[in-house]
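Chain and residue survey
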Amino acid sequence: MRAAELFEQGRSSTEIARTFGVSDESVRRWKRVWEEGGADALRRHPATGRPPTLDDAQAGRAGCGCCSSSGC
């Protein structure tokens, strides 16, 4: 985990934010998670919430509804 390595090196939030192209606020949130749970806590977790009700083919046919009847 690259961010964890940079935290361990004592790099600033601003420097880490520039490295990853994110806001300082995001880096501060990552650091808080890292301090509480280590590098493993920074790994991606499966999405939570209700599973989708449409499969990929159905979602593609549905379109966004904002465009003409030909879809997006």
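Residues numbered from 1 in each chain as written. Predicted model: local features only at pLDDT ≥ 70, side-chain atom pairs only at ≥ 80, totals over all residues. Heavy atoms only, no water.

All right, on to the overall build of the chain then. Counting secondary structure elements, the chain contains 4 helices and 0 strands. Ordered by position from the N terminus, the helices and strands of the chain form the series α-α-α-α. Counting across all 72 residues of the chain, residues that qualify as buried make up 14%. Relative to all contacts within the chain whose residues are 6 or more apart in sequence, the contacts with residues 24 or more apart total 32%. Within the structure as shown, the chain displays about 5,800 Å² of accessible surface, and the carbon and sulfur contribution to it stands at 47%. (Helix = DSSP H or I, 4+ residues; strand = E, 2+ residues; numbered from the N terminus. Buried < 20%, exposed > 50% of the residue type's maximum accessible area, 1.4 Å probe, protein only. Contact = heavy atoms within 4.5 Å. Areas by Shrake-Rupley, 256 points an atom, 1.4 Å probe, with all protein chains shown as cover.)

Counted according to the given criterion, the structure contains 3 salt bridges. A salt bridge links R11 to E15, with the nearest nitrogen and oxygen atoms 3.1 Å apart. Look at R11 and you get partly exposed, because its relative accessible area is 34%. The salt bridge partner of D40 is R43, with a shortest N-O separation of 3.3 Å. On the basis of relative accessibility, which here comes to 45%, the residue R43 falls in the partly exposed class. (Salt bridge = Lys/Arg side-chain N within 4 Å of Asp/Glu carboxyl O.)

Tracing the backbone shows S12 in the loop between α1 (2–8) and α2 (13–20). For the pair S12 and R28, spaced 16 residues apart in sequence, the C-alpha to C-alpha distance is 9.7 Å.

Attention now goes to the confidence of the model for the chain. Taken residue by residue, the chain gives an average pLDDT of 85. The fraction at 70 or more is 85%. Across the chain, element-level confidence peaks in α2 with a mean pLDDT of 95 and bottoms out in helix α4 (residues 56–62) with 78. (pLDDT = per-residue confidence, 0-100.)

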